[in-house]
Protein chains: 2
Amino acid sequence: MENVIIIGSGPAAHTAAIYCGRADLKPLMFEGMMAGGVASGGQLTTTTEIENYPGFPEGIDGSALMLRMKKQSLNCGTTIQTSTINKVDLSVNPFKVFSGKQSFTTHSIIIATGATARRLNIPGEDKLWQKGISACAVCDGALPFFRNKTLVVIGGGDTAVEEALHLTKFASVVKVVVRRDVLRASKAMQDKFFRNKKIEVLWNTNVIKTIGDNSLENLEIKNNQTGKESIIEASGLFYAVGHTPNTDFLEKQIKTDKSGYIITKPGSTVTNIPGVFACGDVQDSKYRQAITAAGSGCMAALEVEKFLNETN
Amino acid sequence: MENVIIIGSGPAAHTAAIYCGRADLKPLMFEGMMAGGVASGGQLTTTTEIENYPGFPEGIDGSALMLRMKKQSLNCGTTIQTSTINKVDLSVNPFKVFSGKQSFTTHSIIIATGATARRLNIPGEDKLWQKGISACAVCDGALPFFRNKTLVVIGGGDTAVEEALHLTKFASVVKVVVRRDVLRASKAMQDKFFRNKKIEVLWNTNVIKTIGDNSLENLEIKNNQTGKESIIEASGLFYAVGHTPNTDFLEKQIKTDKSGYIITKPGSTVTNIPGVFACGDVQDSKYRQAITAAGSGCMAALEVEKFLNETN
């Protein structure tokens, strides 16, 4: 019987593990085996240099940061299993979690399985991912690579508008590719967006090919009304088409929003099931940063400690 | 006219600065001159080794971590002034902030002035602060220094009970010094507390002197009913008597709770004044960790960026 099982291996999961470990809860972590389509360590392992994780003034490689966090979790007394939890039973406490044929019982669970950036499966996308194509303008936009270049954003929602505005600070031109002929962003944000002289909107348009050898150079686009195809310059392509939270394995046993994000009590990691806590991107479609995920991992650990004190 | 002024210099303030800087908002930070009674860098500068900040598997000195964050803020384009903001005018936007005779105008403000652990001004306390005396059991309890020793907690509220339970994992005995003859902690938590064989409560008791040469060794205590004084062994003394948020300079222009903590919309850093955001311990009496503060600093920066996009 475990005190706490942590599912995940990104900044939220490891911060939870560090705090649970130091509280002598002997946490058991399932870091997953290519769970959610990414290596253990989570989304940061798909990035290169991270300049905005506080404490590393010269920046740090995403995978290197996650290796440091993993080492710290182990130092603090975490047991880490490299397997994926593919099923849970939250109907009774102690809870059960399953990894293939193995099963485990636990008094509490921290879900930190993250979210996976949606891709569009455009030809060339795989090859140029993180070589000009990014799913996070806030994370990557300020990199020297993108300065004074033509950058392209795909999407028509709040995120697309925010990311385009963010990128105007670095780019020479920001082209926003919108599939329809309307934006789904707030009015106030749209005003600023349409006033910005660096922004150009390509309505009714799809990107149909990404072109480049070692890094992104051009995009082939198609107007989905006229059928006209053309090639545009693009040193950066930012997807603002949403993320998919990794919650399928929960089989609707826990309350989520309509996109599948776990609903937590605002300002906490408390879910609708006492003893089950959620942190990081699996419950956050808004901030989605390594440092916010880490902060919420700490909150989950402190809430688990309190829960165990009150119930056992 | 500034886009954003950041008041404070702890993990919340510097994370906000890193993100605002990278968003090209050219943040101006006032790190303070012994504001709240601590050096710039905030409460972490009063600690020694930090083992629970994710990313540093071997631990890091509190002041060293804050110097790294400060360097990162500067690298990202933050201007830092070493002076204290002692007055603000939030009645109109652009807001005004004052440092002595200097005044500045700004479209937005991030308040990250933190909180200061209350001290009891017991004789010997100053000399032995962080040499056996700590204001955070979760931060310091697991340090080797405190293992298998007699540890003492002062306080009678939820925090005191939680911290005592936390310390039982490392200590041989935990003595809880309670001024009155009753605890103000939740029933569920008290059950676990009174069942724990390592915990001993000293009711109606005050600590009147802390004794030790290079580190804490003994406490002189006094029963405030009988007047009886005695000396007890103590390798650690943990204050759980609350913190004072550094909000006096706001002169009640912003909504706070009765203890003076700024009230933010849960799960955000939004205050009751549009354009003024609060992050870190100045709005958090619950988690109070470096990593949670840093996470909320990032949230504040993203919220400022959105606010400026929507209003300017």
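Coordinates for the structure precede this section.
No experiment lies behind these values; they were computed from the predicted model shown.

Novice: How do you make sense of empty space enclosed by the protein when you look at a structure like this?
Specialist: Think of a ball as big as a water molecule: rolled over the atoms, this probe shows where empty space is left. Scanning the entire structure with this criterion turns up one cavity of 30 Å³ or more. Of the volumes computed, that of the largest cavity is approximately 40 Å³. If you trace the largest cavity, you find it lined by Y19, R22, A23, A301, L302 and E305 of chain A together with V138 and H166 of chain B. The dominant element in the lining of the largest cavity, judged by the number of residues it contributes, is helix 7 (residues 290–311) of chain A, at three residues. Classifying every residue of the lining of the largest cavity by side-chain character gives five nonpolar, one polar and two charged.

Novice: Could you clarify how one ought to interpret the interface of chain A and chain B in this entry?
Specialist: Much of the literature gives interface size as the accessible area that the parts lose upon coming together. Counting residues at the interface gives 55 residues for chain A and 55 residues for chain B. Of the roughly 4900 Å² buried at the junction of chain A and chain B (both faces included), carbon and sulfur atoms supply 54%. The interface formed by chain A and chain B includes eight salt bridges. In this structure, the salt-bridge partner of E58 of chain A is K71 of chain B, at a minimum N-O distance of 2.6 Å. Linking chain A with chain B are 35 residue pairs in polar contact (both at pLDDT 80 or more), by the criterion used here. Of all the secondary structure elements, the ones that give two or more residues to the side of chain A that touches chain B are helix 1 (11–22), helix 2 (62–75), helix 4 (137–140), helix 5 (158–167), helix 6 (187–195) and helix 7 of chain A. With 13 residues, the top contributor of residues to the side of chain A that touches chain B is helix 7 of chain A.

Novice: Is there a simple way to think about the relation of the copies chain A and chain B in this case?
Specialist: Between chain A and chain B, which share one sequence, the superposing operator has a rotation angle of 180 degrees and an axial displacement of 0.0 Å; the RMSD is 0.0 Å. The transformation just described matches what one would write down for a two-fold rotation axis. Minimal C-alpha separation from the rotation axis in chain A is found for G267 of chain A, amounting to 2.0 Å.

Novice: Can you walk me through the nonpolar core in this structure?
Specialist: Generally speaking, a soluble globular protein has its nonpolar side chains buried in company with each other. Formed by 78 residues in total, the largest nonpolar core has its most connected members in Y53 and I110 of chain A together with Y53 and I110 of chain B. The residues touching I110 of chain A, leaving out its near neighbours within four places in the chain, are V4, I5, I6, I7, A16, C20, F277, C279, A300, A301 and V304 of chain A.

Novice: I keep staring at the sheet that holds strand 16 (residues 229–233) of chain A and nothing clicks. Help me out?
Specialist: The strands that make up a sheet pair up through hydrogen bonds in the backbone, lying either parallel or antiparallel. Residue and element names in this part refer to chain A. Here three strands make up an open sheet; going across it, the order is 14-15-16 and the pairing antiparallel. Two strands bound the open sheet, and with one partner strand each, they are strand 14 (205–211) and strand 16. The average angle at which neighbouring strand axes cross in this sheet is 30 degrees, direction not considered. Bridge count between strand 14 and strand 15 (residues 218–223): six bridges; the pairing is antiparallel. By the bridge assignment for strand 15, K209 is matched with E220.

Novice: How should I be thinking about the side chain of T247 of chain B in this particular structure?
Specialist: All names here are of chain B. Counting through the fold element by element, T247 comes out in the loop between strand 18 (243–245) and strand 19 (276–278). Owing to a relative accessible area of 10%, T247 belongs among the buried residues under this scheme. A distance of 2.8 Å separates the side chain of T247 from the backbone oxygen of G260, its partner in a polar contact. Look past the residues within four positions of T247 in its chain and what remains in contact with it is G260, I262 and V282.

Novice: Explain the side chain of N246 of chain B here, please?
Specialist: Residue and element names in this part refer to chain B. With respect to the helices and strands, the residue N246 is situated in the loop between strand 18 and strand 19. We classify N246 as buried; its relative accessible area is 17%. Only 3.2 Å separates the side chain of N246 from the side chain of T116, close enough to count as a polar contact. Residues in contact with N246, not counting those within four places in the same chain, are G36, T113, G114, A115, T116 and V282.

Novice: Where do I start with the state of the cysteines in this structure?
Specialist: Two cysteines form a disulfide when their sulfur atoms are joined by a covalent bond. Residue and element names in this part refer to chain A. Summed over all chains, the structure comprises two disulfides over all chains. Disulfide pairing is shown between C136 and C139; the S-S distance is 2.1 Å. One quick way to see it: the torsion about the S-S bond of C136 and C139 is about 70 degrees, and its sign makes the bridge right-handed. The exposure class of C136 is buried, given its relative accessible area of 13%.

Calculation notes
- Residues numbered from 1 in each chain as written.
- Chains lettered and ligands numbered in written order.
- Predicted model: local features only at pLDDT ≥ 70, side-chain atom pairs only at ≥ 80, totals over all residues.
- Heavy atoms only, no water.
- 1 Å grid on protein atoms, 1.4 Å probe; cavity = no way out; pocket = protein on both sides within 12 Å on 5 of 7 lines; lining within 4 Å.
- Points joined across faces, edges and corners; volume = space filled by probe spheres on them.
- Helix = DSSP H or I, 4+ residues; strand = E, 2+ residues; numbered from the N terminus.
- Nonpolar A, V, L, I, M, F, W, Y, C, P; charged D, E, K, R; others polar.
- Contact = heavy atoms within 4.5 Å.
- Buried area = accessible area lost by both parts, 1.4 Å probe.
- Salt bridge = Lys/Arg side-chain N within 4 Å of Asp/Glu carboxyl O.
- Polar contact = N/O pair within 3.5 Å; in protein donor to acceptor, adjacent residues only side chain to side chain.
- Least-squares fit on C-alpha atoms with pLDDT ≥ 70 in both.
- Core = buried A, V, L, I, M, F, W, Y, C linked by side-chain atoms within 4.5 Å.
- Buried < 20%, exposed > 50% of the residue type's maximum accessible area, 1.4 Å probe, protein only.
- Pairing = 2+ DSSP bridges.
- Axes fitted to C-alpha atoms, helices over the stretch in contact; angles between N-to-C directions.
- Disulfide = S-S within 2.5 Å.

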